[in-house]
Amino acid sequence: MLAIAVVLIAVPAVFSLWLYRELHKPVTHAKANDYIEIPRRSTPEGIASKLLEEGVIRRTWPLLFYIKLTGSAKLIKAGDYRFPSPISALGVLKKLEEGEQRLSRFAVIEGWTRWDIAESLAHVPELKLRDKDEALALMDDTTAIRDLDPAATNLEGYLFPATYSFPDDTKPPAVIAGMIKRFHQVWTPERAERARVLGMSPRQIVTIASLIETEAKLKEERPMIASVIYNRLKQHIALGVDSSLIYASKLAGKWRDNGKVYKSDVDRRSPYNTRLFSGLPPGPIGSPGESSIDAALNPAQTDYLYYVREPSRNDGAHNFYSKSADSDKGVRALREWERTRDSQR
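Residues numbered from 1 in each chain as written. Predicted model: local features only at pLDDT ≥ 70, side-chain atom pairs only at ≥ 80, totals over all residues. Heavy atoms only, no water.

Undergrad: Sorry, what's going on with the packing of aromatic side chains here?
TA: Taken as a whole and judged by the stated rule, the model has 8 aromatic pairs. Taking 6.3 Å as the distance between ring centres and 10° as the angle between the ring planes, the aromatic pair formed by Phe183 and Trp187 counts as stacked. Take Phe183: its relative accessible area is 1%, and that puts it in the buried class. Taken together, the aromatic side chains of Trp115, Tyr247 and Tyr272 make up a single cluster linked through ring pairs. Above the face of the Trp115 ring, Arg114 is positioned so that its terminal group lies 4.6 Å from the ring centre. (Phe/Tyr/Trp six-rings, centres within 6.5 Å; stacked < 30°, edge-to-face > 60°. Buried < 20%, exposed > 50% of the residue type's maximum accessible area, 1.4 Å probe, protein only. Lys NZ or Arg CZ within 6 Å of the ring centre and 35° of its normal.)

This is how it looks when you write it as structure tokens:
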């Protein structure tokens, strides 16, 4: 009788210990980067069998036993799941209870114009856009930014650069709304107050930030370039930012898109031509990132009016000058370096 009693106690204890280990032991599998679909109205048995077939779990019945014991079958959600590797059976069940959808990813790069974004959106199959023009037309609806920029005629500058994830059934306007929502999150009350202190509207700050984004390759130089922009604005000196000339040519449908600025671009009579006209261009010329926005709000305190690329470095660094004669020397040094480089090719 004693022996039977020991067995009756020991067996459940051993089973419980074994079950605990089975449910908690991580399993390494090869499907971490793949989506596994759990259809609606799937039974726990069907789900466990599928996960076993995919190698995500080692045995079906410990998981099924736990689901039955805890009554968690009613908590399992249909969806498209990615299960990290390794993962335990309880980890699998936790994800199934939380639910998951297949997500597509889309990135907006700092400095991209709305044309760049529209082109990229048109190549996302899940959005089912006919072409980039259809995507571009969606960017003419400025309802979501009227509180920031009532003068805006399109969303240029407010489509915040970041990586976005969205379910496959998301419509294109919702993706664009997500970019604007992200901009609103970045445009904090503190940043809005800083713009007010500078006497600048959000549109002016975003415009300056977009110029900085296209000019600065190094984060630490952005406040310096911002100082040049502010100093030239104060002295009514034309900004001379080539990316604004390119933007003017894109607006006119004349940009050759080969990276070269031609005389026709320089001579184009457009308010975006910051070589011909002093002051800021009428609006943003691309999507600035957070560091460029902060540089526009917090320019360095300098007397610089010029900057020229430093030819001895390949990271986009600039030299900064207060006098045109010193800037001219920098330009000559850069041109000489370019001629030497080209002759050696």
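Undergrad: Teacher, can you tell me more about the pattern of salt bridges here?
TA: When the charged atoms of two side chains lie near each other, side chains of opposite charge can form a pair. Under the defined criterion, the tally for this structure stands at 19 salt bridges. Arg59 is the partner of Glu22 in a salt bridge, and the nearest nitrogen-oxygen pair spans 2.9 Å. Taken together, the positions of Glu22 in helix α1 (residues 2–24) and Arg59 in the loop between α2 (44–54) and α3 (61–70) put the pair 37 residues apart, joining distant regions of the chain. The closest approach of N and O atoms between Glu338 and Arg335, which form a salt bridge, is 3.2 Å. With Glu338 and Arg335 both in helix α14 (residues 324–343) and 3 residues apart, this pair spans about one turn of that helix. According to the relative accessible area criterion, Arg335 is partly exposed, its value standing at 40%. (Salt bridge = Lys/Arg side-chain N within 4 Å of Asp/Glu carboxyl O. Helix = DSSP H or I, 4+ residues; strand = E, 2+ residues; numbered from the N terminus.)

Undergrad: Help me understand helix α5 (residues 114–121) in this model?
TA: A turn of α-helix holds 3.6 residues, and therefore any two residues three or four places apart point the same way. Within α5, burial applies to Arg114, Ile117, Ala118 and Leu121. Across the axial projection of α5, the buried residues extend over an arc of 100°, all falling on one side. In the core, the buried residues of α5 are packed alongside β3 (103–107), α6 (132–138), α7 (172–186) and α11 (242–251). (Arc of directions from axis to C-beta. Contact = heavy atoms within 4.5 Å.)

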